[in-house]
Amino acid sequence: MSTTLTDAPRTERTPGPRMLHGLSWLVVRQHRAALLSLLAVAVLGSIWIVYERSRMKDLLDAAGWPGKELAQPAFDSGSVSLVITALGGLPMILAVFVGAPLIAGDQEQGTAQLVTTQSVSRRRWMATKFAWCYAAVTVTAALLSALFTWWWKPYRSVFPGEWWEGSVFDSTGPMLPALCLFTTAAGITIGVLVRRVVASMAITFVFAAAVGVFWDEMLVHLAPTRTIVYPLDADMPSRVNGSFEVDRWIGSADGRLYGWGLCAKPTEEASDACVKEHGIVNNVYEYLGFDQMPAMQWTGAAILLAGAAVLTAFVLWRVSRRPL
């Protein structure tokens, strides 16, 4: 008598198909906490901005704006300032908590040495990490910037802060994604060079703070300034309302310019004598107009993205020449 042997039925569940494979799957799984955090920032930040915009709109509508001039603040500027502060701090937060540990953590824990002993090249491994990190940072920053711009544009006249201030200029248009990418690239670069997470985060924090200070001084260099000349005793022309003052002088009829405070004397008689002595007849006002803002932002974004590209190329070149 013969018996037929059959395999025992398998009870294991067959894994479903993966959306990601290979190196992308590994990078996403390794950094899933950071990616989920960025997703939470994007979602919660978007909800916050939409809520604050809706709240401001309701309060301004109730106050009759823009038909009626606001005699006093019709909304809580503190909550608006909090949103602006959070957006202003986003590039530093991403640089310190996403950029700096990205590679430094792998170097410190030995993961970099393990991965680079496999069939994948160091450059390809780094390029995949860069791609996922930059994609997550760009999507998060671009979404928040687009929503904040949508909020700010129709209400800029009542917003706390002028268009040229970093809190607004750096949080609207393409500036926020570009700043976030640059500071994140800088954090990654510092992490690769320092090779220690805590030290990299500390240095990145100082670097990002210095970039913020330096970038505020770059504003006047992002577009050619304009100059308007008008009579000494006349009011400033309305077309320069809302402009950013770069400098101002007083000038004589022959075009000679003097400092604004030249004839600021203790008495009116002394001031009039100074004006007559120097033949001063004009005010000269150098400024940047609000209509220049988009071009200035795209110029600034191009500079920052070029900086991020240089830092990325440097890191890829370095890891292909030296072991991690």
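Provided above is the structure to which this section pertains.
What counts, and at which threshold
The residue count restarts for each chain, going from 1 along the sequence in the order it is written. pLDDT decides what is reported in this predicted model: residues at 70 or higher carry local features, side-chain atom pairs at 80 or more are listed and counted, and totals for whole chains, interfaces and linings draw on all residues regardless. The side-chain quantities take in all heavy atoms of the structure and omit both hydrogens and water. Here an axis means a line fitted to C-alpha atoms, over the contact stretch when the element is a helix, while the angle between two N-to-C directions is reported on a 0 to 180 degree scale. Where helices and strands are cited, they refer to DSSP runs of H or I of at least four residues and of E of at least two residues respectively, numbered from the N terminus. Any angle that falls under 35 degrees is termed roughly parallel, while one over 145 is termed roughly antiparallel, one within 65 to 115 roughly perpendicular, and all others oblique. Left-handed describes a crossing in which the near helix is turned anticlockwise from the far one by less than a right angle; the clockwise case is right-handed. Should any heavy atoms of two residues lie within 4.5 Å, those residues are counted as being in contact. Cavities and pockets were defined on a 1 Å grid built over protein atoms only: a cavity is a set of grid points that admits a 1.4 Å probe from which the probe cannot escape, a pocket is an open set flanked by protein on both sides within 12 Å along at least five of seven lines, and lining residues are those with an atom within 4 Å of any such point. Grid points are joined across faces, edges and corners, and a volume is the space filled by probe spheres set on the points. All residues other than Ala, Val, Leu, Ile, Met, Phe, Trp, Tyr, Cys, Pro, Asp, Glu, Lys and Arg, Gly among them, are scored as polar; the first ten of these are nonpolar and the last four charged. Working definition of a nonpolar core: buried Ala, Val, Leu, Ile, Met, Phe, Trp, Tyr and Cys residues. They are joined through side-chain atoms within 4.5 Å. Each residue is assigned to one of three classes by its accessible area relative to the maximum for its type, calculated with a 1.4 Å probe on protein chains only: buried under 20%, partly exposed between the two thresholds, exposed over 50%. The pairing criterion for strands is at least two bridges between them, as found by DSSP. A side-chain nitrogen of Lys or Arg and a carboxyl oxygen of Asp or Glu constitute a salt bridge if their distance falls within 4 Å. In this scheme, a helix's expected span is set at 1.5 Å multiplied by one less than its residue total. Working definition: rings of Phe, Tyr and Trp (its six-membered ring) pair if their centres are within 6.5 Å, and the pair is stacked with planes under 30 degrees apart, edge-to-face with planes over 60 apart, and tilted otherwise. Think of it as a cone above the ring: NZ of Lys or CZ of Arg counts as a charge over the ring if it is within 6 Å of the ring centre and within 35 degrees of the ring normal.

Chemist: Explain the packing of helix H2 (residues 32–62) against helix H3 (residues 77–109) to me, and be specific about the residues and the numbers.
Modeler: Close contact between H2 and H3 brings their axes to 11 Å; oriented N to C, the two are set at 165°. As summarised for this structure, H2 and H3 are arranged roughly antiparallel, according to the angle between their axes. Crossing hand, H2 versus H3: left-handed. Only Ser79, Val80, Leu82, Val83, Ala86, Leu87, Leu90, Leu94 and Val98 of H3 make contact with H2, whose side of the interface consists of Leu38, Val41, Trp48, Ile49, Glu52, Arg55 and Met56.

Chemist: Which residues make up empty space enclosed by the protein, and what are the values?
Modeler: According to the stated counting rule, one finds two cavities of 30 Å³ or more in the structure shown. Volume-wise, the largest cavity comes out at about 80 Å³. Every residue lining the largest cavity is listed: Val27, His31, Ala34, Leu35, Leu38, Val98, Leu102, Lys129, Trp132, Cys133 and Ala136. At the level of secondary structure, the elements contributing two or more residues to the lining of the largest cavity comprise H2, H3 and helix H5 (122–152). In terms of residue count, the dominant contributor to the lining of the largest cavity is H5 (four residues). For the lining of the largest cavity, the class distribution of residues is nine nonpolar, one polar and one charged.

Chemist: Talk me through the nonpolar core; I want residue IDs and the actual numbers.
Modeler: Within the largest apolar cluster, 61 residues are counted, with the highest numbers of intra-cluster contacts made by Met126, Phe148, Trp151 and Phe159. When contributions to this core are tallied by element, the ones reaching two or more residues are helix H1 (22–30), H2, H3, H5, helix H6 (166–169), helix H7 (175–194), helix H8 (197–218) and helix H10 (293–321). Top element by residues in this core is H5. It accounts for 13 residues. Sequence-distant contacts of Met126, that is, excluding residues within four places in its chain, are made with Ile103, Val192, Val315, Leu316 and Val319.

Chemist: Which residues make up the pairing of strand E2 (residues 244–252), and what are the values?
Modeler: Successive side chains on a regular strand alternate, one facing one side of the sheet and the next facing the other. In the sheet, E2 pairs with strand E4 (residues 280–288) via eight bridges, with the strands oriented antiparallel. In the strand pairing of E4, Glu245 is matched with Tyr287. Linking two consecutive strands that pair antiparallel, namely E2 and strand E3 (residues 257–259), is a turn of four residues; a positive phi of about 90° is found at Gly255 within it.

Chemist: Any chance you could break down the pattern of salt bridges for me, citing the residues and the numbers?
Modeler: The full count for this structure, using the stated rule, is four salt bridges. Across the salt bridge formed by Glu52 and Arg55, the nearest N and O atoms sit 3.4 Å from each other. Of this pair, Glu52 and Arg55 both sit in helix H2, three residues apart, roughly one helical turn.

Chemist: Which residues make up H7, and what values do they have?
Modeler: The end-to-end C-alpha distance of H7, which contains 20 residues, comes to 28 Å, matching closely the 28 Å that a straight helix rising 1.5 Å per residue would cover. The buried fraction of H7 amounts to 18 of the 20 residues, a majority that puts the element mostly inside the structure. Remark: Arg195 follows H7 within two positions and exhibits a positive phi of approximately 70°.

Chemist: Can you break down the environment of Phe207 residue by residue, with the values?
Modeler: Tracing the backbone through its elements, the reader meets Phe207 in helix H8. For Phe207, a relative accessible area of 33% translates into the label partly exposed. For the pair Phe207 and Gly187, spaced 20 residues apart in the sequence, the C-alpha separation amounts to 8.6 Å. In this view, Phe207 contacts Phe182, Ala186 and Ile190; residues no more than four positions away in its chain are not counted.

Chemist: Tell me about the side chain of Ser46, and name the residues and values.
Modeler: Considering the arrangement of structural elements, one finds Ser46 in helix H2. Dropping the residues within four chain positions of it, Ser46 is found in contact with Val41, Leu143, Leu144 and Leu147.

Chemist: Can you tell me about the packing of aromatic side chains, naming the residues and giving the values?
Modeler: Counting across every chain of the model gives eleven aromatic pairs. Taken together, a centroid distance of 5.9 Å and an interplanar angle of 85° make the contact between Phe148 and Phe159 edge-to-face. One end of the pair, Phe148, is in helix H5; the other, Phe159, is in the loop between H5 and H6, and eleven residues separate them in sequence. For the pair Phe148 and Phe159, one class covers both residues: buried. A ring pair is formed by Trp151 and Phe159, whose centres lie 5.2 Å apart and whose planes are at 70°; its orientation type is edge-to-face. Phe159 shares its class with Trp151; the two are buried. Linked through ring pairs, Trp152, Trp163, Trp164, Phe244 and Phe290 together constitute an aromatic cluster. Across from the ring centre of Trp150, 3.9 Å away, lies the NZ or CZ of Arg53, which sits over that ring. One cation-aromatic arrangement involves Arg156 over Phe290; the distance from NZ or CZ to the ring centre is 3.6 Å.

Chemist: Explain the layout of surface pockets to me, and be specific about the residues and the numbers.
Modeler: Empty space among the atoms becomes visible once a probe the size of a water molecule is rolled across them. Reported here for the largest pocket is a volume of approximately 330 Å³. Around the largest pocket sit 20 residues that line it, and Gly88, Pro91, Asp170, Leu179 and Gly212 are the ones nearest its centre. Sorting the residues of the lining of the largest pocket by element identifies H3, H6, H7 and H8 as the ones contributing at least two each. Ranked by residue count, the leading element in the lining of the largest pocket is H3, at seven residues. Among the residues forming the lining of the largest pocket, the class breakdown is ten nonpolar, eight polar and two charged. If you add up the space inside the second largest pocket, you get close to 280 Å³. The wall of the second largest pocket is formed by 17 residues, among which Val41, Ala86, Leu90, Ile93 and Leu144 lie closest to the centre. Looking at the lining of the second largest pocket, the elements with two or more residues in it are H2 and H3.

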